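This is what each chain is made of:
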Amino acid sequence: MPHIPHHVRVMLSSLKFCDARPEDLRTLSDAEWKDILSRWRLDRFTIPLRRVCGDFLPDWVRSQIDREIVGNSGRFERIKADYSKVASAIRRAGAEHLVLKGFAQWPGFVDHPRFRRQSDIDLYCPPDSIGRARDAIAALGYENVEWVDPSPGDHLPPMSRNPGWKWRGDFFDPELPICVELHFRLWDQQGLHVGPKNLDEFWFRRVERKLDDITFPSLSLVDGLGYFSLNVLRDLLRGMLRTHNLYELARFLHKNADNAPFWQNWSELHEEPVRSLQAIVFRLAAHVFACQVPGEVEQEINRMPAAVNAWFERYGDSPLDGQFYPNKDLVWLHLSLLESSHDKRDVLLKRLFPRRITPANAPYIEKNPVVAQTGQTGQISPLRRRVKHLGYVASRMTYHARILPPTLWRGARWWLAAKEVGSGFWSFFAASFFYVFGMYIFFLLYNLYLLDRGFKEDFLGLVTSASAIGSIAGSIPAGLLAHRFGLRKALLLCLTAAPVIFALRALLSGTAVLLALAFLGGAALTIYAVCIAPAIAQLTSRESRPFGFSLIFSSGIAIGILGGQVGGHLPGWLAHFGPAVTAVRAKQLALLIACGIVALGAWPIARLRLASAPAPEKTLYPRNPFLLRYLPAVALWTLAVGAFSPFFNVYFAQHFRMPMKQIGTIFSVSQLSQVLAILAAPMVFRKFGLVTGIVYTQVAAALALGCLAAVSGPSAATAIFMGYTAFQWMNEPGMYSLLMNQVKPSEQTGASALNFLVINVAQAIAAAAAGASFVRFGYPAVLGVIAGVGLAAACLFRLLLGRDSLPVAQPSPAEIGS
């Protein structure tokens, strides 16, 4: 509890059920005791402190709390008398009720109700009884009290009788008016967006109980625990946790930890969703007060989602910290319990940007509504009240604005912690950043650099084909290398050899040499492509693996935005060093800098501890009938996108004479469109199905290519290019998911290798043919043909794979056992 004052930590430590240190209370000064009494009296915590640690309290503290106990005992006698009158009136009206909280907490949560400060009488009435109950209570002279709770989602406004009572500054005053609250439901699922829709079954299990000279209906002991713990959870999520409630909950857990029949009954009567919510406050109570926890509760705690565990590990002290240093960490706990995106958005906006400013005396009224109604705040003129209110509103707005940045930062830390990825993953992420960033800059500039050196598009196509052939040739050796020497050494080889090869591509000029280096560069990059999936798999758990893959691949697109901007401006920046740095020389230096950035990725990889890849399957390439239909469709689609994508920068430079900076900006914005497309892809596939969604995106991308063939202006071409890249990348997650869904787990590596092989072969053919065709026929004609190939690919995809309900391949029993 880093932010809780020392004397408060000492007080809480003295109340622990295990390893308590009440003797430390003797070290506190009188000033610290005064702060404890003033701060915790309103939270009803001083009486438990007196009963548990009385021998260690100063005499004057004991005397003061003893006076409060006497006053509270007198008030309890009035509560019993008032309840008897109210209950009789409700019964005469033909209504039903049961008692919630208050003296119904006995015997499990308190020694006796006289030792628990009770501000009002809480009654639950079924919907068909609450109207008659309210009228019956009003007939006794009770009136509605001013109510400022922003979301009284489970009860009517409090009702109280106030025959001339005056506030005397004593919260334990026996004459303090007693409110009655009529609850019309036991749980407000609509307001909290979490939990069961209702707890109606609790009503049907109600019991009759006797306390002193009164008899009253209440929840059964099991349901009483359930209701009270959910009530504490409600207050917790709303940022209104009362520490004494948490202490009472810890007391119940500790005293009933060995009550096996009770917890068996609890497990049987309460469904798993309800138990899991109760376990949250059980865990918090055990954390603060070190109480024993029964095995059934421990099992529920162990089953908590990763997001809830991450919150407790990082911000488990925040509910108590918030009483001294305000924070909004509880919003992240609330979000971890929600499933609907709409609910999460609603809760987040309400907590971070509240639309209603609670009045300054709201907490005071909430705890003691009649105090405020009877003029406790004194008589204030309307003008002064308005000025004071405006000042308060301004202070609250300033508070919410000031606390927003740290809240978002702490939320980001919680979100990342909930993904359960370790430091090794982040080291790999850093290596991936350097690799992708450097490669984006290199590939953006390299074709333009070759154009400046006098080469034409036909040679650029040969270079792209040589690189693709190198990738094809390097696929199997890369897998064998990773298996023989381990993923770490294979990645180190890639991140040291690739920068050297690519630097030579920028320094040397012979056509044969450049083609050979392109081949070697493609083979070197294949090592990274082969190792990335097993590396991420090793660095993540089964639950966090989807997040790991998503982050690595989606961040690659985001890094492309940065790479496009830097790559587009870097030659211009270098040209400012002097007249000796020509345009060609500036691009060459930028390419060498990009190679240096890639080489930086070797440093974080060197710190990783990665095992060797698992032994390959006996059959490297699976003989799955689905692949015979899938791979031809993929090949034809790759011929379409592979014919234009490598030449997009040349298209804008040659066809529209765009400057380098503008091309870099287009590249960066296209990366942003890809990110948005990938985020939208799941919605498209959920709506239309995988196959149909893929076909639709392929048709859209092909039509965009056709529009590029017909457009004549650079602005329109830029907009169409954004749409083309968005639709092209939108279908990638669907195609990969379709492939992985339709092959067995033991076939996935081989299927992925076949997919990679077919894509690279098609890419090599497409790049070589397109490069020569652009030189001979020009961009409009060739783009028109490419668009036709894309439409043909979409039709072939529909023809071969047009069954949206394709069966998902099931693992064999041996695979399940493994």
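Everything quoted here is computed from the prediction, not taken from an experiment.

Novice: Go over unusual backbone geometry, please, and point to the residues and values.
Specialist: In the segment running from Trp106 into Pro107, the intervening peptide bond is cis, with an omega of 10°. Structurally, the position occupied by Pro107 is in the loop between strand E1 (98–100) and strand E2 (120–124). The backbone of Asp212 shows a phi angle near 55°, a positive value even though the residue is not glycine. Structurally, Asp212 is set in the loop between strand E6 (207–211) and strand E7 (214–218). You can call Asp212 partly exposed: its relative accessible area is 36%. The residue Ala290 is not glycine, and still its phi comes out positive at about 50°. Structurally, the position occupied by Ala290 is in the loop between helix H11 (272–289) and helix H12 (295–302).

Novice: Describe the pattern of salt bridges, listing the residues and the values that go with them.
Specialist: Scanning all chains against the criterion turns up 21 salt bridges. Glu96 is the salt-bridge partner of Arg206, the closest N and O atoms lying 3.4 Å from each other. In this pair, Arg206 is assigned in the loop between helix H7 (200–204) and E6 and Glu96 in the loop between helix H4 (59–92) and E1, connecting sequence segments 110 residues apart. On the accessibility criterion, Glu96 (38% relative accessible area) is partly exposed. Note that Asp135 and Arg134 form a salt bridge whose closest N and O atoms lie 3.6 Å from each other. You can call Arg134 partly exposed: its relative accessible area is 38%.

Novice: Explain the packing of H11 against H12 to me, and be specific about the residues and the numbers.
Specialist: Each pair of packed helices can be described by the angle between their axes along with the distance between the axes. Between H11 and H12, the least distance of the axes is 9 Å, while the angle of their chain directions is 95°. As judged from the angle between their axes, H11 and H12 are roughly perpendicular. Between H11, through Glu272, Arg275, Ser276, Ala279, Phe282 and Arg283, and H12, the contact on the second element is made entirely by Val297, Glu300 and Ile301. Class assignment for the residues of the contact of H11 with H12 results in four nonpolar, one polar and four charged.

Novice: Explain the nonpolar core residue by residue, including any values.
Specialist: Phe428, Phe644, Tyr651 and Phe652 are the most contacted members of the largest nonpolar core, which has 127 residues in total. Sort the elements by how many residues they give to this core and helix H20 (residues 423–452) lands first, with 17 residues. Of all hydrophobic cores here, the second largest spans 86 residues; its members include Val194, Phe202, Leu249 and Trp414.

Novice: Outline the state of the cysteines, listing residues and values.
Specialist: Applying the stated rule across the entire model yields zero disulfides. Between Cys18, a cysteine without a disulfide, and Cys291, which holds the nearest cysteine sulfur, the sulfur-to-sulfur distance is 7.7 Å. Its relative accessible area of 25% is what places Cys18 among the partly exposed residues.

Novice: Summarise the environment of Phe252; cite the residues concerned and give the values.
Specialist: With respect to the helices and strands, the residue Phe252 is situated in helix H9 (residues 243–255). In the structure, Phe252 is positioned 39 residues away from Cys291 in sequence and 9.1 Å away in space, judged by C-alpha atoms. Apart from the residues within four sequence positions on either side, Phe252 is in contact with Gly108, Phe109, Leu221, Leu225, Phe262 and Trp263.

Novice: Kindly report on a nonpolar patch on the surface, identifying the contributing residues and their values.
Specialist: A contiguous nonpolar patch, built from Val500, Leu504, Leu507, Leu508 and Val513 and spanning about 380 Å² of accessible area, is present on the exposed surface. For the nonpolar patch, the element with the highest residue contribution is helix H22 (residues 487–507), accounting for three residues. Here Val500 shows up in helix H22.

Novice: Tell me about the pairing of E2, residues and numbers included.
Specialist: Among the five residues in E2, five count as buried, and that is most of the element. Here E2 shows two buried faces, one formed by Asp120, Asp122 and Tyr124 and the other by Ile121 and Leu123. Inspection of the sheet shows E1 paired to E2 by three bridges, in the antiparallel sense. Note on E2: the bridge partner recorded for Leu98 is Tyr124. Direction of pairing for E2 relative to strand E5 (residues 179–183): parallel, over a ladder of five bridges. Following the sheet pairing, Ile121 is matched in E5 by Val180.

Analysis parameters
- Residues numbered from 1 in each chain as written.
- Predicted model: local features only at pLDDT ≥ 70, side-chain atom pairs only at ≥ 80, totals over all residues.
- Heavy atoms only, no water.
- Helix = DSSP H or I, 4+ residues; strand = E, 2+ residues; numbered from the N terminus.
- Buried < 20%, exposed > 50% of the residue type's maximum accessible area, 1.4 Å probe, protein only.
- Salt bridge = Lys/Arg side-chain N within 4 Å of Asp/Glu carboxyl O.
- Axes fitted to C-alpha atoms, helices over the stretch in contact; angles between N-to-C directions.
- Parallel < 35°, antiparallel > 145°, perpendicular 65-115°, else oblique.
- Contact = heavy atoms within 4.5 Å.
- Nonpolar A, V, L, I, M, F, W, Y, C, P; charged D, E, K, R; others polar.
- Core = buried A, V, L, I, M, F, W, Y, C linked by side-chain atoms within 4.5 Å.
- Disulfide = S-S within 2.5 Å.
- Patch = residues over 30% accessible without salt bridge, like charges linked within 9 Å, V, L, I, M, F, W, Y side chains within 5 Å.
- Areas by Shrake-Rupley, 256 points an atom, 1.4 Å probe, with all protein chains shown as cover.
- Pairing = 2+ DSSP bridges.

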